[in-house]
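Take a look at the letters that make up each chain.
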Amino acid sequence: AQSVTQLGSHVSVSEGALVLLRCNYSSSVPPYLFWYVQYPNQGLQLLLKYTTGATLVKGINGFEAEFKKSETSFHLTKPSAHMSDAAEYFCAVSGDNTDKLIFGTGTRLQVFP
Amino acid sequence: DSGVTQTPKHLITATGQRVTLRCSPRSGDLSVYWYQQSLDQGLQFLIQYYNGEERAKGNILERFSAQQFPDLHSELNLSSLELGDSALYFCASSVGPPASPVFFGPGTRLTVL
(Lines give C-alpha, C1' and ligand atoms only; values in the text may rest on other atoms or scores of the structure.)
Protein backbone atom coordinates (compact mmCIF):
# COMPACT_ATOMS: atom_id res chain seq x y z
CA ALA A 1 0.00 0.00 0.00
CA GLN A 2 1.10 3.55 -0.67
CA SER A 3 0.26 6.85 0.98
CA VAL A 4 1.40 10.46 1.08
CA THR A 5 1.36 12.95 3.93
CA GLN A 6 1.72 16.64 3.26
CA LEU A 7 2.53 18.60 6.38
CA GLY A 8 0.80 21.96 6.47
CA SER A 9 -2.38 22.55 4.53
CA HIS A 10 -1.47 26.23 4.20
CA VAL A 11 1.94 27.85 3.81
CA SER A 12 2.48 31.60 3.56
CA VAL A 13 5.70 33.25 2.44
CA SER A 14 6.80 36.70 1.37
CA GLU A 15 7.78 37.34 -2.21
CA GLY A 16 11.48 36.51 -2.57
CA ALA A 17 11.53 34.15 0.41
CA LEU A 18 12.36 30.45 0.37
CA VAL A 19 9.48 28.11 -0.37
CA LEU A 20 9.48 24.74 1.42
CA LEU A 21 6.54 22.35 1.03
CA ARG A 22 6.82 19.09 2.92
CA CYS A 23 5.91 15.63 1.68
CA ASN A 24 6.44 12.26 3.33
CA TYR A 25 5.48 9.00 1.69
CA SER A 26 4.90 5.40 2.59
CA SER A 27 5.41 2.68 0.02
CA SER A 28 5.97 -1.06 0.09
CA VAL A 29 7.68 -0.90 -3.31
CA PRO A 30 10.35 1.49 -4.64
CA PRO A 31 8.39 4.71 -5.06
CA TYR A 32 8.02 7.06 -7.96
CA LEU A 33 7.33 10.53 -6.60
CA PHE A 34 5.71 13.55 -8.18
CA TRP A 35 4.78 17.13 -7.43
CA TYR A 36 1.84 18.73 -9.20
CA VAL A 37 0.55 22.29 -9.06
CA GLN A 38 -3.09 23.33 -9.44
CA TYR A 39 -4.02 26.92 -10.17
CA PRO A 40 -7.60 28.02 -9.43
CA ASN A 41 -10.18 26.44 -11.74
CA GLN A 42 -7.54 24.53 -13.66
CA GLY A 43 -6.24 20.99 -13.94
CA LEU A 44 -3.06 19.66 -12.42
CA GLN A 45 0.28 20.49 -13.99
CA LEU A 46 3.33 18.30 -13.45
CA LEU A 47 6.15 20.21 -11.74
CA LEU A 48 8.70 17.44 -11.40
CA LYS A 49 9.14 13.72 -10.87
CA TYR A 50 11.56 11.28 -9.33
CA THR A 51 11.79 7.72 -10.65
CA THR A 52 15.35 6.48 -10.31
CA GLY A 53 18.84 7.93 -10.41
CA ALA A 54 19.75 11.39 -9.16
CA THR A 55 17.92 12.15 -5.95
CA LEU A 56 17.84 15.92 -6.50
CA VAL A 57 15.26 16.61 -9.17
CA LYS A 58 14.79 19.91 -10.93
CA GLY A 59 11.44 20.91 -12.33
CA ILE A 60 9.70 23.76 -14.03
CA ASN A 61 9.37 27.32 -12.70
CA GLY A 62 12.54 27.02 -10.57
CA PHE A 63 11.24 24.28 -8.27
CA GLU A 64 13.27 21.32 -7.14
CA ALA A 65 12.81 18.38 -4.79
CA GLU A 66 15.11 15.91 -3.10
CA PHE A 67 14.29 12.24 -2.59
CA LYS A 68 15.54 11.10 0.81
CA LYS A 69 14.91 7.40 1.24
CA SER A 70 16.11 7.31 4.86
CA GLU A 71 13.60 9.99 5.78
CA THR A 72 10.87 8.82 3.33
CA SER A 73 10.61 12.42 2.23
CA PHE A 74 10.30 14.35 -1.03
CA HIS A 75 10.12 18.00 -0.02
CA LEU A 76 9.60 20.70 -2.64
CA THR A 77 11.68 23.87 -2.55
CA LYS A 78 12.15 27.08 -4.48
CA PRO A 79 14.83 29.59 -3.46
CA SER A 80 12.79 32.72 -4.13
CA ALA A 81 8.99 32.86 -4.20
CA HIS A 82 7.13 34.80 -6.85
CA MET A 83 3.57 36.04 -6.69
CA SER A 84 2.69 33.71 -9.57
CA ASP A 85 3.64 30.69 -7.42
CA ALA A 86 0.45 31.10 -5.37
CA ALA A 87 -1.48 27.87 -5.99
CA GLU A 88 -2.23 24.47 -4.49
CA TYR A 89 0.56 21.91 -4.57
CA PHE A 90 0.06 18.15 -4.48
CA CYS A 91 2.63 15.46 -3.76
CA ALA A 92 1.89 12.03 -5.23
CA VAL A 93 3.36 8.54 -5.19
CA SER A 94 3.10 5.60 -7.54
CA GLY A 95 5.21 2.54 -8.18
CA ASP A 96 3.07 -0.55 -8.41
CA ASN A 97 3.41 -0.88 -12.19
CA THR A 98 0.09 0.79 -12.93
CA ASP A 99 1.20 4.43 -12.65
CA LYS A 100 -1.93 5.28 -10.67
CA LEU A 101 -1.12 8.23 -8.47
CA ILE A 102 -1.91 8.38 -4.78
CA PHE A 103 -2.14 12.04 -3.79
CA GLY A 104 -1.59 13.89 -0.57
CA THR A 105 -4.18 16.34 0.69
CA GLY A 106 -2.44 19.32 -0.85
CA THR A 107 -0.75 22.47 0.44
CA ARG A 108 -2.07 25.91 -0.47
CA LEU A 109 0.79 28.33 -0.97
CA GLN A 110 0.15 32.03 -0.44
CA VAL A 111 2.74 34.61 -1.48
CA PHE A 112 2.59 38.06 0.06
CA PRO A 113 4.18 41.15 -1.53
CA ASP B 1 -2.40 22.88 -22.36
CA SER B 2 -1.64 19.25 -21.44
CA GLY B 3 -3.13 17.79 -24.61
CA VAL B 4 -5.79 15.89 -22.66
CA THR B 5 -9.29 17.08 -23.52
CA GLN B 6 -12.44 16.63 -21.48
CA THR B 7 -16.06 17.40 -22.26
CA PRO B 8 -18.23 18.91 -21.02
CA LYS B 9 -16.51 21.52 -18.90
CA HIS B 10 -19.53 21.95 -16.63
CA LEU B 11 -22.50 19.70 -15.99
CA ILE B 12 -25.51 20.44 -13.82
CA THR B 13 -28.04 17.70 -13.23
CA ALA B 14 -30.52 16.38 -10.69
CA THR B 15 -30.34 13.56 -8.19
CA GLY B 16 -31.14 10.16 -9.66
CA GLN B 17 -29.96 11.10 -13.14
CA ARG B 18 -27.20 9.57 -15.26
CA VAL B 19 -24.38 11.47 -16.98
CA THR B 20 -21.45 10.62 -19.22
CA LEU B 21 -18.10 12.38 -19.08
CA ARG B 22 -15.80 12.11 -22.05
CA CYS B 23 -12.01 12.21 -22.30
CA SER B 24 -9.53 12.18 -25.17
CA PRO B 25 -5.98 11.34 -24.14
CA ARG B 26 -2.82 12.95 -25.48
CA SER B 27 -1.76 11.67 -28.87
CA GLY B 28 0.23 8.47 -28.38
CA ASP B 29 -0.86 7.85 -24.80
CA LEU B 30 -2.30 4.41 -24.13
CA SER B 31 -3.26 4.82 -20.47
CA VAL B 32 -6.27 6.78 -19.28
CA TYR B 33 -7.03 7.51 -15.64
CA TRP B 34 -10.06 9.00 -13.93
CA TYR B 35 -9.83 10.97 -10.69
CA GLN B 36 -12.41 12.66 -8.52
CA GLN B 37 -11.59 15.85 -6.60
CA SER B 38 -13.88 17.03 -3.83
CA LEU B 39 -13.43 19.18 -0.76
CA ASP B 40 -14.02 16.36 1.70
CA GLN B 41 -12.27 13.49 -0.13
CA GLY B 42 -9.46 15.32 -1.88
CA LEU B 43 -8.04 13.77 -5.06
CA GLN B 44 -9.17 10.16 -5.35
CA PHE B 45 -8.09 7.69 -8.01
CA LEU B 46 -11.11 6.00 -9.56
CA ILE B 47 -9.98 3.75 -12.38
CA GLN B 48 -7.29 3.21 -15.04
CA TYR B 49 -7.49 1.74 -18.52
CA TYR B 50 -4.53 0.72 -20.62
CA ASN B 51 -5.03 0.15 -24.34
CA GLY B 52 -8.69 -0.71 -23.86
CA GLU B 53 -8.34 -2.97 -20.84
CA GLU B 54 -9.03 -2.14 -17.21
CA ARG B 55 -5.65 -1.95 -15.45
CA ALA B 56 -6.34 -0.70 -11.94
CA LYS B 57 -9.34 0.13 -9.83
CA GLY B 58 -9.53 2.55 -6.96
CA ASN B 59 -12.33 4.04 -4.93
CA ILE B 60 -14.93 3.83 -7.68
CA LEU B 61 -18.54 3.36 -6.64
CA GLU B 62 -20.63 0.59 -8.17
CA ARG B 63 -22.91 3.29 -9.63
CA PHE B 64 -19.94 4.50 -11.68
CA SER B 65 -18.47 2.73 -14.68
CA ALA B 66 -15.91 3.54 -17.33
CA GLN B 67 -14.58 2.21 -20.57
CA GLN B 68 -11.85 2.93 -23.08
CA PHE B 69 -12.71 2.62 -26.74
CA PRO B 70 -10.55 1.36 -29.65
CA ASP B 71 -9.63 4.94 -30.56
CA LEU B 72 -8.40 5.25 -26.93
CA HIS B 73 -10.90 7.88 -25.82
CA SER B 74 -12.61 7.09 -22.56
CA GLU B 75 -15.98 7.69 -20.98
CA LEU B 76 -16.96 7.76 -17.32
CA ASN B 77 -20.60 6.99 -16.66
CA LEU B 78 -22.16 8.13 -13.40
CA SER B 79 -25.66 6.88 -12.58
CA SER B 80 -28.25 7.28 -9.81
CA LEU B 81 -26.51 10.51 -8.95
CA GLU B 82 -26.49 11.77 -5.39
CA LEU B 83 -25.70 15.18 -3.98
CA GLY B 84 -22.37 13.85 -2.74
CA ASP B 85 -21.26 13.05 -6.28
CA SER B 86 -20.83 16.76 -6.95
CA ALA B 87 -17.12 17.15 -7.63
CA LEU B 88 -14.46 17.91 -10.20
CA TYR B 89 -13.72 14.87 -12.33
CA PHE B 90 -10.31 14.73 -13.98
CA CYS B 91 -9.14 12.55 -16.79
CA ALA B 92 -5.42 11.99 -17.17
CA SER B 93 -3.26 10.07 -19.60
CA SER B 94 0.22 8.65 -19.93
CA VAL B 95 2.23 6.63 -22.40
CA GLY B 96 1.94 3.69 -20.05
CA PRO B 97 3.54 2.24 -16.96
CA PRO B 98 5.99 2.13 -15.45
CA ALA B 99 7.03 5.55 -14.27
CA SER B 100 5.72 7.57 -17.18
CA PRO B 101 4.52 11.07 -16.31
CA VAL B 102 0.77 11.48 -16.06
CA PHE B 103 -0.85 14.52 -17.70
CA PHE B 104 -4.18 15.86 -16.53
CA GLY B 105 -7.06 17.38 -18.44
CA PRO B 106 -8.88 20.53 -17.34
CA GLY B 107 -11.65 18.59 -15.61
CA THR B 108 -15.43 18.40 -15.71
CA ARG B 109 -17.23 20.11 -12.86
CA LEU B 110 -20.33 18.11 -11.96
CA THR B 111 -23.03 19.70 -9.85
CA VAL B 112 -25.88 17.51 -8.64
CA LEU B 113 -28.92 19.44 -7.40
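Scope of this entry: the structure provided in the associated data block. (Residues numbered from 1 in each chain as written. Chains lettered and ligands numbered in written order. Predicted model: local features only at pLDDT ≥ 70, side-chain atom pairs only at ≥ 80, totals over all residues. Heavy atoms only, no water.)

### Observations regarding the overall build of chain A
From N to C terminus, chain A includes zero helices and 12 strands. Going residue by residue from the N terminus, the α and β elements of chain A occur as β-β-β-β-β-β-β-β-β-β-β-β. For 113 residues, the compact-globule estimate of 2.2 N^0.38 gives 13 Å, and the C-alpha radius of gyration of chain A, at 13 Å, lies within 12% of that figure. By its C-alpha atoms, chain A is 40 × 30 × 20 Å across when sized along the principal axes. Put simply, chain A has 113 residues, and 48% of those count as buried. Partitioning the contacts of chain A with sequence separation of at least 6, the portion at a separation of at least 24 is 56%. For chain A, the accessible surface area stands at approximately 5,300 Å², while carbon and sulfur atoms represent 53% of it. (Helix = DSSP H or I, 4+ residues; strand = E, 2+ residues; numbered from the N terminus. Rg over C-alpha atoms; globule rule 2.2 N^0.38 Å. Buried < 20%, exposed > 50% of the residue type's maximum accessible area, 1.4 Å probe, protein only. Contact = heavy atoms within 4.5 Å. Areas by Shrake-Rupley, 256 points an atom, 1.4 Å probe, with all protein chains shown as cover.)

### Description of the packing of aromatic side chains
Tallied over the full model, the rule gives 13 aromatic pairs over all chains. Among the aromatic residues, ring-to-ring pairing joins Phe34, Tyr36, Phe90 and Phe103 of chain A together with Tyr35, Phe45, Phe90 and Phe104 of chain B into one connected group. (Phe/Tyr/Trp six-rings, centres within 6.5 Å; stacked < 30°, edge-to-face > 60°.)

### Quick notes on the interface of chain B and chain A
It is common to report an interface's size as the accessible area lost on association of the parts. Contacts between the two partners involve 22 residues from chain B and, on the opposite side, 18 residues from chain A. Three residues, Leu43, Ala99 and Phe104 of chain B, lead the burial of chain B against chain A; their summed loss comes to 32% of the area buried on that side. Along the contact surface separating chain B from chain A lie zero salt bridges. Put simply, the parts of the chain that give the side of chain B that touches chain A at least two residues each are β4 (31–38), β5 (42–50), β6 (53–57) and β9 (87–94) of chain B. Classifying every residue of the side of chain B that touches chain A by side-chain character gives 14 nonpolar, six polar and two charged. (Buried area = accessible area lost by both parts, 1.4 Å probe. Salt bridge = Lys/Arg side-chain N within 4 Å of Asp/Glu carboxyl O. Nonpolar A, V, L, I, M, F, W, Y, C, P; charged D, E, K, R; others polar.)

### Brief notes about the state of the cysteines
Following the criterion strictly, the structure yields two disulfides over all chains and no others. The residue that forms a disulfide with Cys23 of chain A is Cys91 of chain A, at a sulfur-sulfur distance of 1.9 Å. Its S-S torsion of about -60° marks the bond between Cys23 of chain A and Cys91 of chain A as left-handed, since a negative value means left-handed. Taken together, the residues span a long stretch of sequence, with Cys23 of chain A in the loop between β3 (19–21) and β4 (24–27) and Cys91 of chain A in strand β10 (residues 87–94) at a distance of 68 residues. A single burial state applies to Cys23 of chain A and to Cys91 of chain A, both of which are buried. Covalently, Cys23 of chain B is tied to Cys91 of chain B through a disulfide, its sulfur atoms 1.8 Å apart. When the S-S torsion is -55°, as for the bridge of Cys23 of chain B with Cys91 of chain B, the disulfide is left-handed. Here Cys91 of chain B lies in strand β9 and Cys23 of chain B lies in strand β3 (residues 19–24), a separation of 68 residues in the sequence. (Disulfide = S-S within 2.5 Å.)

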